[in-house]
Amino acid sequence: MAPAITLAADKLSAANTGFMLICSALVLIMTPGLAFFYGGMVRVKSTLNMLMMSFISMGIVTILWVLYGFSMAFGTDHGSLIGWESDFVGWTGIDKADIWSGYTIPVFVFAVFQMMFAIITPALISGAIADRVKFTAWSIFLVLWATIVYFPVAHWVWGTGGWAFELGVIDFAGGTAVHINAGAAALGVILVIGKRVGFKKDPMRPHSLPLVMLGAGLLWFGWFGFNAGSWLGNDDGVGPLMFVNTQIATAAAMLGWLLYEKIRHGAFTTLGAASGAVAGLVAITPSGGAVTPVGAIAVGAIAGVLCAMAVGLKYKFGYDDSLDVVGVHMVGGIAGSLLIGFFASGKGQSDVKGLFYGGGLDQFWKQCAGVFAVLAYSLVASAILAFLLDRTIGMRVSEDEEISGIDQAEHAETAYDFSGAGGGAARTVPAPVADTASKKVDA
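Just so you know, these numbers come straight off a predicted model, no measurement behind them.

1. Comments concerning the overall build of the protein chain
(1) Moving on: Across its full length, the protein chain carries 17 helices and two strands.
(2) Moving on: In terms of overall size, the protein chain behaves like a compact globule, its C-alpha atoms giving a radius of gyration of 23 Å where 443 residues would be expected to give roughly 22 Å.
(3) Moving on: Across its three principal directions, the C-alpha atoms of the protein chain cover 90 × 45 × 45 Å.
(4) Moving on: In the protein chain, which comprises 443 residues, the share counted as buried stands at 56%.
(5) Moving on: Sequence-distant contacts, at least 24 apart, represent 76% of the contacts inside the protein chain between residues at least 6 apart.
(6) Moving on: As displayed, the protein chain has an accessible area near 17300 Å², and 68% of this comes from carbon and sulfur atoms.

Set out below in structure tokens:
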């Protein structure tokens, strides 16, 4: 998936094929991990809706990817903007023995690995619009956004002939195509649909920090498949380098976030640790194949601090990014992508060198082109999609439904049922208290 890099190959490698199937499963588990991460961060009354906004992406995007998404992203290039290959439509023209060109894995394996990326990218957007969007409207938005934004952008960045691919923009595993894309989309949507009821007034604290930590742990675990798998094999050491750098940058970002948090707010919080880890994972995603382990420390630490600073901007500028998708994914993706222009060592996925390794600013300007083109396109296109849906079927639930709880309004369920525990406590606790009191009176 790295631009302008191919490996000579002419037959299937059982080792690489097995590795990529495992990586595909690891990337898939990131979406439930994201659901838990987001689900713990919202209030109790929105928990199920948050989980469902991620889970529904696994259903919708899977079908779209098979029908036409893979063809649009990785089919024959048309005008450097979009791909199309009739054999990829419905996967009807793909044989189980077909090998992905230039590699040692079947086309089916490459297609399903990329499917998992397509699934999690729109799910990332959901955290920004928590508590207030109709589930039907979100589902339709998923279809439109994947078709109009994600599939074309994936072709720009990773498809042979895509303009960013041909320019030499480095995005190893999704800094632009996934994180900036989703973060910019989140900003575009929330600018259209507006703030939650009570934003800046009511407390909107996470209802379950253990769920947040569980989700962050699953994301960290799955991210090794997300990143290391994106080299599509282990024949030259680049995949292992990416694996190592993923761990290093994530650790550095978590520590950077916590240090900033302690200095700025006086405490090391679990939410900060989880968010810092995710910020590091985001930042190393585009850059990990190009930097050294020391460079990974720098990328992670810088991203951790920048993202910790960025999450507070919503209060300054007045946009309601519920779970900090803009602050973590967009800002982290920008940081990781642009830092390639400084820290690329020339000893990883290619011989491209950044400024600190004697390569000047040539790669930095290429990274800027990719970053800001994807950001602008996704933000504008997403805002237009949200506007059209809002003016037709309506994007938001009613104010009463938002206040009472979107879980009950949209799903007819609640995340936690305390009726049994409450009833038992009410029956058994008062009796001993009353008995004790009467004995004291008698005495």
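2. Points about the state of the cysteines
(1) Moving on: For the structure on display, the rule yields zero disulfides.
(2) Moving on: Sulfur of Cys307: no disulfide; nearest cysteine sulfur belongs to Cys368 and is 17 Å away.

3. Considerations on the packing of helix α1 (residues 14-41) against helix α3 (residues 107-125)
Any two packed helices are characterised by the angle at which their axes cross and by the distance between the axes.
(1) Moving on: Contact geometry of α1 with α3 gives a least axis separation of 9 Å together with a crossing angle of 10°. On the basis of their axis angle, the class for α1 and α3 is roughly parallel. Where α1 crosses over α3, the handedness of that crossing is left-handed. Of the residues in α3, those in contact with Thr17, Met20, Leu21, Cys23, Ser24, Val27, Leu28, Met30, Thr31, Leu34 and Tyr38 of α1 are Val109, Val112, Phe113, Met116, Phe117, Ile119, Ile120, Ala123 and Leu124.
(2) Moving on: Taken together, the residues of the contact of α1 with α3 break down into 17 nonpolar, three polar and no charged.

4. Here we look at the side chain of Ser71
(1) Moving on: Position of Ser71 relative to the elements: it lies in helix α2 (residues 47-74).
(2) Moving on: With residues up to four places along the chain from it excluded, the contact list for Ser71 reads Gly83, Trp84, Glu85, Phe88 and Val89.

5. Brief notes about the nonpolar core
(1) Moving on: With 112 residues, the main nonpolar core has Trp65, Phe70 and Trp100 as its most contacted residues.
(2) Moving on: In contact with Phe70, other than residues within four places in its own chain, are Trp65, Gly75, Phe88, Trp91, Ile94, Trp100, Val107, Phe110 and Ala111.

6. Topic: the environment of Glu261
(1) Moving on: Note on placement: Glu261 falls in helix α8 (residues 238-265).
(2) Moving on: Relative accessible area serves as the criterion here: at 10%, Glu261 is assigned to the buried category.
(3) Moving on: For the pair Glu261 and Ala308, spaced 47 residues apart in sequence, the C-alpha to C-alpha distance is 7.4 Å.
(4) Moving on: Discounting chain neighbours no more than four positions away, the residues touching Glu261 are Gly266, Ala267, Phe268, Thr269 and Gly272.
(5) Moving on: Side-chain polar atoms of Glu261 contact the side chain of Thr269, separated by 2.7 Å.

7. Looking at the packing of α1 against helix α7 (residues 209-228)
(1) Moving on: For the pair α1 and α7, interaxial distance at closest approach is 7 Å and the crossing angle is 155°. One way to sum up the angle between α1 and α7 is to call them roughly antiparallel. Crossing geometry of α1 relative to α7 is assigned as left-handed.
(2) Moving on: Its residues assigned to classes, the contact of α1 with α7 comprises 20 nonpolar, five polar and no charged.

8. Describing the pattern of salt bridges
(1) Moving on: This structure, assessed with the given rule, holds seven salt bridges.
(2) Moving on: Taking the shortest distance from any N to any O, the salt bridge between Asp324 and Lys314 comes out at 3.0 Å. With Asp324 in the loop between α11 (313-317) and α12 (325-343) and Lys314 in helix α11, this residue pair connects regions lying ten residues apart in the sequence. No difference in accessibility class separates Asp324 from Lys314, as the two residues are buried.
(3) Moving on: When the shortest N-O distance is used, the salt bridge between Glu402 and Arg396 registers 2.8 Å.
(4) Moving on: The exposure class assigned to Glu402 is buried, which follows from its relative accessible area of 3%.
(5) Moving on: Relative accessible area serves as the criterion here: at 21%, Arg396 is assigned to the partly exposed category.
(6) Moving on: Shared partners join several salt bridges into a network, and the residues in it are Arg43, Asp131, Arg196 and Asp320.

9. Structural notes on a nonpolar patch on the surface
(1) Moving on: Among the surface-exposed residues, Leu355, Phe356, Tyr357, Leu361 and Trp365 lie close enough to one another that they form a single nonpolar patch of about 510 Å² accessible area.
(2) Moving on: Judged by its relative accessible area of 35%, Tyr357 falls in the partly exposed class.

10. Quick look at the environment of Asn227
(1) Moving on: With respect to the secondary-structure elements, Asn227 resides in helix α7.
(2) Moving on: Residue classification places Asn227 among the buried positions, given a relative accessible area of 0%.
(3) Moving on: Note: C-alpha distance between Asn227 and Asp324 (97 residues apart in sequence) is 22 Å.
(4) Moving on: Residues within four places of Asn227 in sequence aside, it is in contact with Phe172, Ala173, Met242, Thr246, Leu281, Ile284 and Thr285.
(5) Moving on: Among the polar contacts listed, one links the side chain of Asn227 to the side chain of Thr285, at a separation of 3.3 Å.

11. Some thoughts on helix α10 (residues 293-310)
(1) Moving on: The terminal C-alpha atoms of α10 lie 25 Å apart, and with 18 residues this matches the ideal 26 Å at 1.5 Å per residue to within 8%.
(2) Moving on: When α10 is considered as a whole, its buried residues turn out to be Gly295, Ala296, Ala298, Val299, Gly300, Ala303, Gly304, Cys307, Ala308 and Ala310.

12. Here's the deal with the confidence of the model for the protein chain
(1) Moving on: Here the protein chain shows a mean pLDDT of 93. Residues at 70 or above account for 92%.
(2) Moving on: In this model, residues 2-9 is a region of pLDDT below 50 whose contacts with residues beyond four sequence positions or in other chains number 23 contacts.

13. Focus on the packing of aromatic side chains
(1) Moving on: Summed over all chains, the structure comprises 31 aromatic pairs.
(2) Moving on: The interplanar angle of 40° and the centroid separation of 5.8 Å between the aromatic rings of Phe70 and Phe74 together place this pair among those described as tilted. Of this pair, Phe70 and Phe74 both sit in helix α2, four residues apart, roughly one helical turn.
(3) Moving on: Through pairs of rings, three or more aromatic residues link up here, namely Trp65, Tyr68, Phe70, Phe74, Phe88, Trp91, Trp100, Phe108, Phe110, Trp145, Tyr150 and Phe151.

14. Quick notes on unusual backbone geometry
(1) Moving on: Of note, Ser80 is a non-glycine position whose phi angle comes to about 65°, a positive value.
(2) Moving on: Along the chain, the position of Ser80 falls in the loop between β1 (76-78) and β2 (82-84).
(3) Moving on: Look at Ser80 and you get partly exposed, because its relative accessible area is 26%.
(4) Moving on: For Ala412, which is not glycine, the phi dihedral falls at a positive 55°.
(5) Moving on: Tracing the backbone through its elements, the reader meets Ala412 in the loop between α15 (406-411) and α16 (419-428).

Rules used throughout
Residues numbered from 1 in each chain as written. Predicted model: local features only at pLDDT ≥ 70, side-chain atom pairs only at ≥ 80, totals over all residues. Heavy atoms only, no water. Helix = DSSP H or I, 4+ residues; strand = E, 2+ residues; numbered from the N terminus. Rg over C-alpha atoms; globule rule 2.2 N^0.38 Å. Buried < 20%, exposed > 50% of the residue type's maximum accessible area, 1.4 Å probe, protein only. Contact = heavy atoms within 4.5 Å. Areas by Shrake-Rupley, 256 points an atom, 1.4 Å probe, with all protein chains shown as cover. Disulfide = S-S within 2.5 Å. Axes fitted to C-alpha atoms, helices over the stretch in contact; angles between N-to-C directions. Parallel < 35°, antiparallel > 145°, perpendicular 65-115°, else oblique. Left-handed = near helix turned anticlockwise from the far one by under 90°. Nonpolar A, V, L, I, M, F, W, Y, C, P; charged D, E, K, R; others polar. Core = buried A, V, L, I, M, F, W, Y, C linked by side-chain atoms within 4.5 Å. Polar contact = N/O pair within 3.5 Å; in protein donor to acceptor, adjacent residues only side chain to side chain. Salt bridge = Lys/Arg side-chain N within 4 Å of Asp/Glu carboxyl O. Patch = residues over 30% accessible without salt bridge, like charges linked within 9 Å, V, L, I, M, F, W, Y side chains within 5 Å. Expected span 1.5 Å × (residues − 1). pLDDT = per-residue confidence, 0-100. Phe/Tyr/Trp six-rings, centres within 6.5 Å; stacked < 30°, edge-to-face > 60°.

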